[in-house]
Amino acid sequence: MEIRELLGQRDLSFAEATRILGARLGRPQLWYVQLPYADMAGLLQEADFSECLAGLYAELAQAINEGQVRSREGRRPSSTTATSFEAFVDKVINGTSCSLARTE
């Protein structure tokens, strides 16, 4: 079995990804805010995440921000895809990929 890293069309900052999402969702005023990890976990719990899962998401965010979770190979032609983040977001919003809707 082969595992391949796919890094998308280009590298994006969280701020740029948020700007793109906001524009596509009709919320151009949306901006990225990095919270302290404990605050992030608390907000996730307020959104009905379990305490354990919220803590794990905060731990993952910290690991990504500190470079502990990253691409093993780096960006290469074989890991760069043709699909832009904008095109991916458009597919998700238009329902041709996965759904953003919450199901009960």
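Our structure's up above, just so we're on the same page.
Here the structure is a predicted model, which means the values were calculated and not measured. Per chain, residue numbering runs from 1 following the sequence as it is written. Local features in this predicted model are restricted to residues of pLDDT 70 or higher, and side-chain atom pairs are both shown and tallied only at a pLDDT of 80 or more, whereas totals for entire chains, interfaces and linings draw on every residue. With hydrogens and water set aside, each side-chain value is computed from the structure's full complement of heavy atoms.

Notes on the overall build of the protein chain
Helix and strand assignments follow DSSP, with helices taken as H or I runs no shorter than four residues and strands as E runs no shorter than two, numbered in order from the N terminus. Within the protein chain, the secondary structure is distributed over four helices and zero strands. Projecting the C-alpha coordinates of the protein chain onto the three principal axes gives extents of approximately 40 × 35 × 30 Å. Here the protein chain, with 104 residues, has 14% of them falling under the buried criterion. Whether two residues are in contact is decided by their heavy atoms, any of which lying within 4.5 Å being enough. Counting only contacts in the protein chain whose residues sit at least 6 apart along the sequence, the fraction spanning at least 24 positions is 62%. Residue burial considers only the protein chains on display, and all accessible areas are found by Shrake-Rupley using a 1.4 Å probe. Summed over its atoms, the accessible surface of the protein chain is roughly 8,200 Å², and 56% of this surface lies on carbon and sulfur atoms. A 1.4 Å probe rolled over the protein chains alone gives each residue an accessible area, and that area as a share of the maximum for its type sets the label: buried under 20%, exposed over 50%, partly exposed in between.

Examining helix H1 (residues 14-24)
Burial in H1 covers these residues: Ala17, Thr18, Ile20 and Gly22. The inward-facing, buried residues of H1 abut helix H4 (85-93). A positive phi of about 75 degrees marks Gly26, the residue just after H1.

Details of the packing of aromatic side chains
Here the aromatic set is Phe, Tyr and Trp, taking the six-membered ring for Trp, and pairing holds for ring centres within 6.5 Å; pairs whose planes are under 30 degrees apart are stacked, those over 60 apart are edge-to-face, and all others are tilted. This structure, assessed with the given rule, holds two aromatic pairs. For the pair Phe14 and Tyr32, a centre-to-centre distance of 5.3 Å together with 25 degrees between the ring planes defines the contact as stacked. On the criterion of sequence distance, the pair formed by Phe14 in helix H1 and Tyr32 in the loop between H1 and helix H2 (37-46) is long-range, its members being 18 residues apart. A relative accessible area of 46% places Phe14 in the partly exposed class. Residue class for Tyr32 comes out partly exposed when judged on its relative accessible area of 32%. Pairing Phe49 with Tyr57 gives two aromatic rings, centres 5.5 Å apart and planes at 80 degrees, and the pair type is edge-to-face.

Structural notes on the side chain of Ser84
By secondary structure assignment, the location of Ser84 is in the loop between helix H3 (51-65) and H4. Look at Ser84 and you get buried, because its relative accessible area is 15%. Residues in contact with Ser84, not counting those within four places in the same chain, are Gln9 and Arg10.

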